[in-house]
Amino acid sequence: KGGWGYRPGRPVVPFEEVAVYLSDCAVRNINYLLNVSPDREGVIPGNQREVLEQVGRWMEKVGPAIHQTRGGPWQPQFGEFGFTYRDDQIFAHVFAGYRDRAKETFRTHAIGKHTVKSVRDLATGKALPWKLNDDRTVTNSGVHNTATPAVTILEITLNGKIELRP
């Protein structure tokens, strides 16, 4: 499957798997240490460098969902989705195992007193249609899961700061 220990010609963990690990750690308030293993001359092998460069390009787009966020405001659903949040934004991390993925929609938990200002696919920047349901959940549509198939991150901006009860 791949690893990070140096062995010439050995495959490494693919970008998609690293993206899922990083996203899954963020929704669970866990730090993720991604290491490299240089060869005996201290050179990072090309296959490791390529994955790290892909992670860097991905983080340029989805970094706001990872950096300076907290896991929540709701518990993650293993293998399907999780959330991070900061100020007035909730980031939905929708994994490849999400049961309604084929419908190209994603439904949040109830957002309480808040209203939605906007929703967008963080990797593409594309604005997405959304609907506030009677139960105060939000249904996002047009979620194509193509920019990063392993994990799609939606940025949901609300009309006020998210405050969790102690």
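Read on for a plain summary of the structure. (Residues numbered from 1 in each chain as written. Predicted model: local features only at pLDDT ≥ 70, side-chain atom pairs only at ≥ 80, totals over all residues. Heavy atoms only, no water.)

### Quick notes on the sheet that holds strand E3 (residues 89-95)
Note on sheets: strands pair through backbone hydrogen bonds, and any given pair is parallel or antiparallel.
At step 1: Overall, antiparallel pairing links the 5 strands, which are arranged E1-E2-E3-E8-E5 in an open sheet. Looking along the sheet, the strands with just one partner apiece sit at the ends: strand E1 (70-71) and strand E5 (116-121).
At step 2: Where E3 lies against strand E8 (residues 151-158), 7 bridges are found, and the strand directions are antiparallel. Within E8, the residue paired with Gln 89 across the bridge is Thr 157.
At step 3: Docked against the sheet, helix H1 (residues 15-27) engages E1, strand E2 (81-86), E3 and E8, running at close to 135° with respect to E3. (Pairing = 2+ DSSP bridges. Helix = DSSP H or I, 4+ residues; strand = E, 2+ residues; numbered from the N terminus. Contact = heavy atoms within 4.5 Å. Axes fitted to C-alpha atoms, helices over the stretch in contact; angles between N-to-C directions.)

### Observations concerning the pattern of salt bridges
At step 1: Tallied over the full model, the rule gives 5 salt bridges.
At step 2: Of the charged contacts in the structure, one is a salt bridge between Glu 80 and Arg 99, with a shortest N-O distance of 2.9 Å. Of this pair, Glu 80 sits in the loop between E1 and E2 while Arg 99 sits in the loop between E3 and strand E4 (105-107), placing them 19 residues apart in sequence.
At step 3: Here Glu 80 falls in the buried class, since its relative accessible area comes to 10%.
At step 4: We classify Arg 99 as exposed; its relative accessible area is 58%.
At step 5: Across the pair Arg 120 and Glu 155 runs a salt bridge whose closest N-O atoms are separated by 2.6 Å. Remark: Glu 155 occurs in strand E8 and Arg 120 occurs in strand E5; sequence separation between them is 35 residues.
At step 6: With relative accessibility at 30%, the residue Arg 120 sits in the partly exposed group. (Salt bridge = Lys/Arg side-chain N within 4 Å of Asp/Glu carboxyl O. Buried < 20%, exposed > 50% of the residue type's maximum accessible area, 1.4 Å probe, protein only.)

### A closer look at the sheet that holds strand E7 (residues 138-141)
At step 1: Taking strand neighbours across the sheet as the criterion, the 3 strands line up as E4-E7-E6 in an open arrangement whose pairing is antiparallel. The sheet is open, and its two edges are formed by E4 and strand E6 (130-132), each paired on a single side. Averaged over neighbouring strand pairs, the angle between their axes works out to 15° when direction is ignored.
At step 2: Summarising the sheet, E6 and E7 pair through 3 bridges and their orientation is antiparallel. Residue Trp 130 lies in a different strand from E7, and its bridge partner there is Asn 140.

### Quick look at helix H2 (residues 46-62)
At step 1: The end-to-end C-alpha separation of H2 is 24 Å, in line with the 24 Å expected for 17 residues at 1.5 Å each.
At step 2: Regarding H2, the residues found buried are Gln 48, Val 51, Val 55, Trp 58, Met 59 and Val 62. Along the axis of H2, the buried positions cluster into a sector of 105°, meaning they face one direction only. Facing away from the buried side of H2, by more than 90 degrees, are the exposed residues Glu 50 and Glu 60.
At step 3: On the buried face of H2, the contacting elements are H1 and E8. (Expected span 1.5 Å × (residues − 1). Arc of directions from axis to C-beta.)

### Considering the environment of Val 138
At step 1: Structurally, Val 138 is set in strand E7.
At step 2: Overall, Val 138 belongs to the buried group, its relative accessible area being 0%.
At step 3: Every residue in contact with Val 138, bar those within four places of it in the chain, is listed here: Phe 106, Arg 107, Thr 108, His 109, Ile 111, Val 116, Trp 130, Lys 131, Leu 132 and Asn 133.

### Quick look at the environment of Ala 123
At step 1: Looking at where Ala 123 falls in the secondary structure, it is placed in the loop between E5 and E6.
At step 2: Relative accessible area serves as the criterion here: at 15%, Ala 123 is assigned to the buried category.
At step 3: In the structure, Ala 123 is positioned 61 residues away from Val 62 in sequence and 5.7 Å away in space, judged by C-alpha atoms.
At step 4: Those residues in contact with Ala 123 that sit more than four places away from it in its chain are Lys 61, Val 62, Ala 147, Thr 148 and Ile 153.

Read these as geometric descriptors, not functional statements.
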